[in-house]
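Structural description and commentary
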Amino acid sequence: MTASGGIMHITSAPLPGVGALHVLAAQDGHRVGVVRHADDRRELVVYDPADPDTRLTGVLLTAAEARVLADLVGAAGPMTHCARLDRHDGGVSVLQVLIGADSPRVGRPLAGTGVQGAVVAAVVRGEDVIASPGPGLRCRAGDIVVVIGRPDAAFEVIDAVTAAGP
């Protein structure tokens, strides 16, 4: 794979019973890995530059957190949805998710996306804001779903909203 100004190498290996490991060897010599768990979680792994086989640290991410991170680093290609996280005082988070044309949620209701500690506060559809949408509201491509709540609960709602659902 060619990167701007040089070559980057990505290796992939199955992790039986876990998922798969993908490791990027960056142009500057650092190695960063992503473990894609079978249950859709992602784990970032940073390796020691002095010993490329030694793991320095890892960060376990939910599927929604992985999408936020991908959006932050500028993931290329068609995004099914992207999320933005705003944290406010008191531990309240606001997440916005764009429902893309290829999202499995298109045409499906919001039913089943509720989690204690967070709510779908609104759906922005074009110029309209649908405040406190009911569970029967069916998502459309281009909808922006706004979730408010505790950070952990808000990410659970985002996971539910971006899943294929009922």
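Being a predicted model, the structure only gives us computed values, none of them experimental. (Residues numbered from 1 in each chain as written. Predicted model: local features only at pLDDT ≥ 70, side-chain atom pairs only at ≥ 80, totals over all residues. Heavy atoms only, no water.)

Within a beta sheet, neighbouring strands are joined by backbone hydrogen bonds and run either parallel or antiparallel to one another. Strand order in this open sheet of five strands is β3-β4-β5-β6-β7, and the pairing throughout is antiparallel. Two strands bound the open sheet, and with one partner strand each, they are β3 (9–15) and β7 (51–61). Averaged over all pairs of adjacent strands, the angle between strand axes in this sheet comes to 20°, irrespective of strand direction. (Pairing = 2+ DSSP bridges. Helix = DSSP H or I, 4+ residues; strand = E, 2+ residues; numbered from the N terminus. Axes fitted to C-alpha atoms, helices over the stretch in contact; angles between N-to-C directions.)

Another aspect to go through is unusual backbone geometry. The phi angle at Ser132 is positive, at roughly 45°, despite the residue not being glycine. Locating Ser132 in the fold gives a position in the loop between β11 (128–131) and β12 (144–149).

What follows is about helix α2 (residues 151–162). Taking 1.5 Å of rise per residue, twelve residues should cover 16 Å, and α2 covers 16 Å from first to last C-alpha, within 8% of that figure. Among the twelve residues that make up α2, nine are buried, leaving the element largely enclosed by the rest of the structure. Taken together, the buried positions of α2 are occupied by Pro151, Ala153, Ala154, Phe155, Val157, Ile158, Ala160, Val161 and Thr162. (Expected span 1.5 Å × (residues − 1). Buried < 20%, exposed > 50% of the residue type's maximum accessible area, 1.4 Å probe, protein only.)

A few words now on the environment of Leu21. Positionally, Leu21 belongs in strand β4 (residues 19–25). Judged by its relative accessible area of 17%, Leu21 is buried. Residues Leu21 and Leu44, 23 residues apart in the sequence, show an inter-C-alpha distance of 9.8 Å. With near-sequence residues (within four places) excluded, Leu21 lies in contact with Thr11, Ser12, Ala13, Leu15, Gly33, Val34, Val35 and Tyr47. (Contact = heavy atoms within 4.5 Å.)

Attention now moves to the side chain of Arg42. Considering the arrangement of structural elements, one finds Arg42 in strand β6 (residues 42–48). Residue classification places Arg42 among the buried residues on the basis of a relative accessible area of 15%. In contact with Arg42, not counting residues within four places along its chain, are Val34, Val35, Arg36, His37, Val59, Leu60, Leu61 and Ala66.

Our focus in this paragraph is the nonpolar core. Core analysis: the biggest nonpolar cluster contains 19 residues, and Leu110, Val120, Val145, Val147 and Val161 have the highest contact counts within it. Those elements giving two or more residues to this core turn out to be α1 (63–72), β9 (92–98), β10 (118–125), β12 and α2. Considering every element that reaches this core, the biggest residue donor is α2, with six residues. Not counting chain neighbours up to four residues away, the residues in contact with Val120 comprise Leu110, Thr113, Ser132, Pro133, Val145, Val146, Val147, Val157 and Val161. In terms of nonpolar packing, the next biggest core, distinct from the first, is built from five residues, Leu21, Val23, Val45 and Tyr47 among them. (Core = buried A, V, L, I, M, F, W, Y, C linked by side-chain atoms within 4.5 Å.)

This part takes up the confidence of the model for the protein. Averaged over the protein, the pLDDT score is 78; the fraction of residues at 70 or greater is 83%. The spread of mean pLDDT over the elements of the protein runs between strand β1 (residues 2–3), the lowest at 36, and β11, the highest at 94. Here residues 1–6 is a poorly scored stretch, pLDDT under 50, and it has nine contacts once near neighbours within four places are set aside; other chains count. (pLDDT = per-residue confidence, 0-100.)

Here the focus is the pattern of salt bridges. Here the structure, examined in full by the defined rule, presents two salt bridges. The salt bridge partner of Glu43 is Arg55, with a shortest N-O separation of 2.7 Å. On the criterion of sequence distance, the pair formed by Glu43 in strand β6 and Arg55 in strand β7 is long-range, its members being twelve residues apart. The class of Glu43 is buried, set by a relative accessible area of 14%. On the basis of relative accessibility, which here comes to 43%, the residue Arg55 falls in the partly exposed class. Residues Arg125 and Asp143 are paired through a salt bridge, measuring 2.8 Å at the closest nitrogen-oxygen approach. (Salt bridge = Lys/Arg side-chain N within 4 Å of Asp/Glu carboxyl O.)

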